[in-house]
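# Descriptive analysis of the structure
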Amino acid sequence: MTSFDTVVVGAGVTGLTAAHRLVEGGQDVLVLEARDRVGGRLRTETHHDSDFEIGGQWVSPDQSALIGLLDELGLETYPRYREGESLYVDREGVAHRFVGEELPVAERTGKEIDRLVGLLDDLAAQMDPDRPWEHPQAAELDRVTFGQWLEQQCDDEEARDNIALYVGPAMLTKPVWSFSALQAVLMAASAGSFTHLVDADFILDKRVVGGLASVPEELARRLGDRVRLRADVQRIEWDPADPDAGATVTVAGEQVRARRVVLAVPPTLVQRIRIVPELPAEHRHAREHQSFGLVIKVQVEYAMPFWRDLGLSGTGFGPYQLVHEVYDNTLHRAEKGTLVGFVSDVNADAMGRLDEDERRARILASVASYFGEQALSPVTYVESDWQHQELTGGAYATSFDVGSLTRYGAKLHEPVGPIEFGSSDIAGHGFQHVDGAVRIGQRLADRILGR
Ligand code: FAD
């Protein structure tokens, strides 16, 4: 049986970063990836000669771990197009132009939005995102839903709906009644502040030339034949009487030995693998309380970026719209223009029940409520479909249900015998983002190397 120092399961950014650092540390490493490609939730598809990033794509200035890795790999970035006016579509479906951060809403609603942002900034400032369960108000914030918390703080419905949008549909991609206020504060703290989360120019700042999927592709290129594709790990067995002996990993009927195993998969996918002896009950329960959010990322390409000639940046928000946010997603130096929009949580459920043509018509109609009739005639229309992929199961990432972050959060970071666990879903800084995947991969490698 072949033996390695460490076997890494999963060739997303977490697994590949861990493997890369372990190899730098002198280890003999094998990466096993179930898909026929690396990158996990990062992927570029080509349609009608244009590239579309169907998974993660943006980099923000606080994401220092990812930015450091981009430098190390020699990858370049370019800014998202943001010249001109943004749009806000109100409850009646009327599009209003605005510039800067202040939404074109009634004065009282605007003041309430600012007040809520201030409250959430204060709560986020008191949180170490690596230990959200230690927040001074962790217990009380984890037992109310974010929706309830907003109702307790504010009687202006439109203000609440806009704040809800930034964390619910736009980030955790879950309805605000399904996750706790503490989980919302973690989302803000992981990005530095709530102010950062609501600032599209900050949070969606740059893209990578060639796509963010170049990160895992370049890491895999450097790892060479240490990465094995179509290797769906089925079983990991270790001996509690002798944990230092390592584990046996079974993949496609073959067995390999390793002193340590890194399970670099989302918490929800750990149960696909038979672990012998089975994980302690609390570890299993912790993962049962995690679930993926749901979002359909839609990219619509036009012969040219027509909105720019209308003085529009391509940025739009509509808390009452099917497509709740939209941005200019035109490729670096491309002539054709692309918009990207998102359909989240219960709206994504509803769209999933329609046939393809009806879904496309409804989504394009919503894009047209921002940009007018021209939006109805794209040259290319691409939907990202992560929820139907067994090896992901949703988008963007997983998070806890109400009450579980304080109860189980720390568990997801604990190794069991020779097995380490991690993915962007359990990151503090960069939670749910590629930056978090880099940080977790690095941390797991450091732990194994005894740093
Ligand atoms: P994954 O990428 O999920 O990697 C896990 C890997 O494990 C997968 O390749 C999977 O195939 C493999 N695997 C699972 N089970 C097994 C098994 N039994 N055996 C072998 N292999 C297995 N992040 C940003 O920073 N910016 C963005 O703009 C952004 N937008 C996003 C948009 C979408 C639509 C989505 C889906 C995600 C987005 N994200 C974004 C999130 C980001 O893509 C993820 O947080 C990150 O890529 C997760 O990396 P990971 O390695 O932790 O997990």
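Residues numbered from 1 in each chain as written. Predicted model: local features only at pLDDT ≥ 70, side-chain atom pairs only at ≥ 80, totals over all residues. Heavy atoms only, no water.

The name recorded for the protein in an unreviewed UniProt entry is Putrescine oxidase, from Nocardioides gansuensis. If you open the UniProt record of the protein and go to Sequence similarities (unreviewed entry), you find "Belongs to the flavin monoamine oxidase family." The UniProt entry for the protein carries the following text under Cofactor (unreviewed entry): "FAD". (UniProt positions renumbered as here; feature names shortened; annotations may be inferred.)

## Quick word on the UniProt feature "domain: Amine oxidase" (unreviewed entry) in the protein
What UniProt calls "domain: Amine oxidase" (unreviewed entry) maps, in this numbering, to residues 14–449. In residues 14–449, helix accounts for 35% and strand for 22%; the two terminal C-alpha atoms are 16 Å from one another. (Helix = DSSP H or I, 4+ residues; strand = E, 2+ residues; numbered from the N terminus.)

## Re the confidence of the model for the protein
The pLDDT averaged across the protein works out to 97; a share of 100% of its residues lies at or above 70. Both scores are available for the predicted complex, with the pTM at 0.98 and the ipTM at 1.00. (pLDDT = per-residue confidence, 0-100.)

## As for the sheet that holds strand S19 (residues 337–344)
Pairing in this open sheet of seven strands is mixed, and the strands run S8-S7-S17-S18-S19-S16-S20 from one edge to the other. Two strands lie at the open edges of the sheet, namely strand S8 (95–98) and strand S20 (380–383), each paired on one side alone. Put simply, the sheet's adjacent strands are angled 20° from each other on average, direction ignored. Pairing geometry for strand S16 (residues 295–302) and S19, over eight bridges, is antiparallel. Looking at the pairing, Gln299 lines up with Val340 of S19. Contacts from helix H13 (residues 345–352) reach S16 and S19 within the one sheet, and its direction differs from that of S19 by about 100°. (Pairing = 2+ DSSP bridges. Axes fitted to C-alpha atoms, helices over the stretch in contact; angles between N-to-C directions. Contact = heavy atoms within 4.5 Å.)

## So, empty space enclosed by the protein
Any empty space left between atoms is shown by rolling a water-sized probe over those atoms. Under the definition given, this model contains seven cavities of 30 Å³ or more. Its volume calculated, the second largest cavity comes out at about 130 Å³. In terms of lining, the second largest cavity is formed by 18 residues, of which the most central are Leu186, Leu405, His413, Asp425 and Ile426. The set of elements that each furnish at least two residues to the lining of the second largest cavity consists of helix H7 (181–190) and strand S21 (398–400). Residues that form the lining of the second largest cavity fall into these classes: 10 nonpolar, six polar and two charged. Viewed by domain, the lining of the second largest cavity spans two of them, domain 1 (2–41 + 213–279 + 416–448) and domain 3 (102–198), each represented by three or more residues. (1 Å grid on protein atoms, 1.4 Å probe; cavity = no way out; pocket = protein on both sides within 12 Å on 5 of 7 lines; lining within 4 Å. Points joined across faces, edges and corners; volume = space filled by probe spheres on them. Nonpolar A, V, L, I, M, F, W, Y, C, P; charged D, E, K, R; others polar. Domains from an automatic or database assignment.)

## What to know about the packing of aromatic side chains
Within this structure, the stated rule accounts for 12 aromatic pairs. Aromatic pair Tyr302 and Trp307: ring centres 6.0 Å apart, planes at 75°, arrangement edge-to-face. By relative accessible area, which is 3% here, Tyr302 ends up buried. Residue classification places Trp307 among the buried positions, given a relative accessible area of 0%. Across the ring face of Trp58, the terminal group of Lys297 is positioned such that the distance to the ring centre comes to 6.0 Å. One Lys or Arg, Arg308, reaches over the ring of Tyr81 and ends 3.6 Å from the middle of that ring. (Phe/Tyr/Trp six-rings, centres within 6.5 Å; stacked < 30°, edge-to-face > 60°. Buried < 20%, exposed > 50% of the residue type's maximum accessible area, 1.4 Å probe, protein only. Lys NZ or Arg CZ within 6 Å of the ring centre and 35° of its normal.)

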